[in-house]
Amino acid sequence: MLNRILFKQIDNSALIVFRVFFGLLIIFESFGAILTGWVKRVLVEPEFTFSFISFDWLQPLPGIGMYIYFAIMGVFGFGIMLGYKYRFSIIGFTVMWTFVYLMQKSSYNNHYYLLVFLSLFMAIMPANRYYSIDAKQNPSIVKYSMPQWCSLLFIVQMGIVYTYASVAKWYPDWIDTTAIELFMKGKKDYVLIGDFLQTKWLHYVLAYSGILFDLLVVPLLLYKPTRKLAFVASVFFHLFNSIVFQIGIFPYMSLALCMFFFEPKTIRNIFLKQKPLYNKQDVIIPNTSKLGITVFVIYFTIHILLPLRHWVIKDDVLWTEEGHRLSWRMMLRVKSGYANYKVVNKETGQTIPVKLSDFLTRKQINIASTKPDVIWQFSQYLKSKFKEEGQDVEVYVDCFIKVNGRPFQQLINPEIDLASVKWDAFKHSDWILPSKQD
């Protein structure tokens, strides 16, 4: 039964068209990062980038290296869009984008994480079998169908993303619109819509429509009678997010993914009218079917369980950030803080003042003052920096933060030498103090 569902041959119009949009969005993301100054701010100017823990070996290239790096990714985007040397282009982009994602956290975004996995999916898809330079140069690869799992992968992945995004909003500061109100205060200077975004009734609409949209959009897209309505709602939802929150290509990627929910005939009639419509009922089960099913079961099991890990870690994830990343917890809270780092020479007992602006950019200072994992990483960096100068030091951090407008509270135990403690991604760090509200 499962084999028949996964390996049933369906028309591949949605995949072919998605490949074109996917490549186009990669072009915008890659060259846009250069033109908007994102590469300069995040990867070129900083003296030290906060890579994901255990990926310290991934560092930005010196000089103009990162500009060339992103330009190459943009070229790969053209290869994907045009279907030219498709497998080489998509694998090349996937590897390079994954490296970018892992080498810095100062501009962390769940959408960057999602793009890693969408790229992995596309790397194993037969997405160049039609309407591609590859197919024109080698007609023997032309095909009008694909196994149904090609669509189901995207559908299940987006179901997980949206569902967890909804569940994460089920907390008091979202329900009473505190979080939304704080988000919108930062948008009050927007031309034309700034004042409108401050209205209380709109905050309630945004809070509850956000919960309902994320929870219901995938089921409504799957159900044919509500599919068009769900798509229209998606257009409004994602365009609003694009205009107000300016979150890059993600809104448009999400809209492009909606193609996998529609009947192949509909996509073919809109975008590929010259393409023969595949309407047979063939089921082609490859010899590697059991291995493929096993891999996908493991993959989706991890993606279902990983966002739940914060429930088994002590304290509230909104305060500690432990279990926040890789969990589809998007746009949930407003956090600010300040931190004083004290370096003490173990041999002499001398206290060495640390001026954060001597080491970090303004954006990095913000995360090095609010996020425990980043605070720990910077403490480790300071230890190694002073070790290069022949000094064995301890690092203490006096840090206060506030979440969603509440009073400042102490986040880090100032008596713990953070340079001497180890990091455990799946365990609570005792040097993070509990929130008094908790």
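The structure contained in this document is the topic of the report that follows.

Parameters and conventions
Positions within a chain are numbered from 1, following the residues in the order the chain's sequence is written. Totals for whole chains, interfaces and linings use every residue, but because this is a predicted model, local features are given only for residues with pLDDT of at least 70 and side-chain atom pairs only at 80 or more, for both listing and counting. Note: side-chain values were computed over all heavy atoms of the structure, leaving out hydrogens and water. In this text, buried Ala, Val, Leu, Ile, Met, Phe, Trp, Tyr and Cys residues form a nonpolar core when linked through side-chain atoms within 4.5 Å. Categorising residues by exposure relies on relative accessible area from a 1.4 Å probe, with only protein chains included: less than 20% of the type maximum marks a residue as buried, more than 50% marks it as exposed, and the intermediate range marks it as partly exposed. Only DSSP runs of H or I with at least four residues qualify as helices, and only runs of E with at least two residues qualify as strands; both kinds are numbered from the N terminus onward. Contacts between residues were defined by any pair of non-hydrogen atoms, one from each residue, lying within 4.5 Å. Think of a 1 Å grid over just the protein atoms. A cavity is a set of points where a 1.4 Å probe fits yet cannot get out, a pocket is an open set with protein on both sides within 12 Å along at least five of seven lines, and lining residues have an atom within 4 Å of a point. Grid points are joined across faces, edges and corners, and a volume is the space filled by probe spheres set on the points. We call Asp, Glu, Lys and Arg charged. Ala, Val, Leu, Ile, Met, Phe, Trp, Tyr, Cys and Pro are nonpolar, and the rest, Gly among them, are polar. Any two strands with at least two DSSP-identified bridges between them are counted as paired. By salt bridge we mean one thing: a side-chain nitrogen of Lys or Arg within 4 Å of a carboxyl oxygen of Asp or Glu. Here a Phe, Tyr or Trp ring, Trp counted by its six-membered ring, pairs with any other such ring whose centre lies within 6.5 Å, and the pair is stacked when the planes are under 30 degrees apart, edge-to-face when over 60, and tilted otherwise. The axes used here are C-alpha line fits, helices contributing only the stretch in contact, and every angle between their N-to-C directions lies in the interval 0 to 180 degrees. An angle counts as roughly parallel when it lies under 35 degrees, as roughly antiparallel when it exceeds 145, as roughly perpendicular when it falls between 65 and 115, and as oblique in every other case. Handedness of each helix crossing follows the sense of rotation of the near helix against the far helix: counterclockwise by less than a right angle gives left-handed, clockwise gives right-handed.

Formed by 97 residues in total, the largest nonpolar core has its most connected members in Phe18, Phe22, Phe70, Met122, Met125 and Phe154. Per element, the largest residue contribution to this core is 11 residues, and it comes from helix α8 (residues 149-167). Apart from the residues lying within four places of it in its own chain, the contact partners of Phe70 are Ser30, Ala33, Ile34, Trp38, Val39, Leu43 and Val100. In terms of nonpolar packing, the next biggest core, distinct from the first, is built from 32 residues, Phe359, Ile375, Ile401 and Val403 among them.

A separate point is empty space enclosed by the protein. Any empty space left between the atoms is revealed when a probe the size of a water molecule rolls over them. Summed over all chains, the structure comprises 1 cavity of 30 Å³ or more. Estimated volume of the largest cavity: approximately 60 Å³. Every residue along the wall of the largest cavity is listed here: Met158, Tyr162, Val217, Val218, Leu221, Ser234, Ser254, Leu257, Cys258 and Phe261. Elements represented by at least two residues in the lining of the largest cavity include exactly α8, α11 (200-222) and α13 (250-257). Looking at the lining of the largest cavity element by element, the count peaks at 3 residues for α11. The residue inventory of the lining of the largest cavity, partitioned by class, reads 8 nonpolar, 2 polar and no charged.

A few words on the pairing of strand β5 (residues 393-403). With 11 bridges joining them, strand β3 (residues 335-345) and β5 adopt antiparallel strand pairing. By the bridge assignment for β5, Asn340 is matched with Asp398. The pairing of β5 with strand β6 (residues 409-410) spans 2 bridges and is classified as antiparallel. Counted as the bridge partner of Ile401 is Gln409 from β6. Counting the residues in the hairpin turn of β5 and β6 gives 5 residues, including Asn404, whose phi is positive at 55°.

Bringing the pattern of salt bridges into the picture now. According to the stated counting rule, one finds 13 salt bridges in the structure shown. We note a salt bridge from Glu45 to Lys40, for which the minimum N-O separation is 3.9 Å. A salt bridge links Asp373 to Lys105, with the shortest nitrogen-to-oxygen separation between them at 2.7 Å. Pair noted here: Asp373 is in helix α18 (residues 372-388) and Lys105 is in the loop between α5 (86-102) and α6 (110-123), with a separation of 268 residues, a long-range link. Each member of the pair, Asp373 as well as Lys105, carries the same accessibility label: buried. Bridged by salt links that share partners, the residues Glu321, Arg333, Lys335 and Lys371 form one connected network.

A few words on the packing of aromatic side chains. Following the criterion strictly, the structure yields 42 aromatic pairs and no others. Ring plane angle 15° and centroid distance 4.5 Å describe the contact between Phe154 and Phe260, whose orientation is recorded as stacked. Separated by 106 residues along the polypeptide, Phe154 in helix α8 and Phe260 in the loop between α13 and α14 (264-271) bring together distant segments of the chain. A ring pair is formed by Tyr341 and Phe378, whose centres lie 5.1 Å apart and whose planes are at 85°; its orientation type is edge-to-face.

Turning next to the packing of helix α2 (residues 13-35) against α6. When two helices pack together, their arrangement is captured by the angle between the axes and the distance separating the axes. Between α2 and α6, the shortest axis-to-axis distance is 12 Å and the interhelical angle comes to 135°. Relative to α6, α2 is oriented oblique. Considering only the axes of α2 and α6, their crossing is left-handed. Residues Leu15, Phe18, Arg19, Phe22 and Glu29 of α2 touch α6, and the partners they reach there are Tyr112, Leu115, Leu118, Ser119 and Met122. The residue inventory of the contact of α2 with α6, partitioned by class, reads 7 nonpolar, 1 polar and 2 charged.

Turning our attention to the environment of Ile10. With respect to the secondary-structure elements, Ile10 resides in strand β1 (residues 9-11). Overall, Ile10 belongs to the buried group, its relative accessible area being 14%. With 273 residues separating them in the primary sequence, Ile10 and Val283 have C-alpha atoms 9.3 Å apart. Excluding residues that lie within four positions of it along the chain, Ile10 makes contacts with Tyr144, Ser145, Met146, Gln148, Ser151 and Tyr278.

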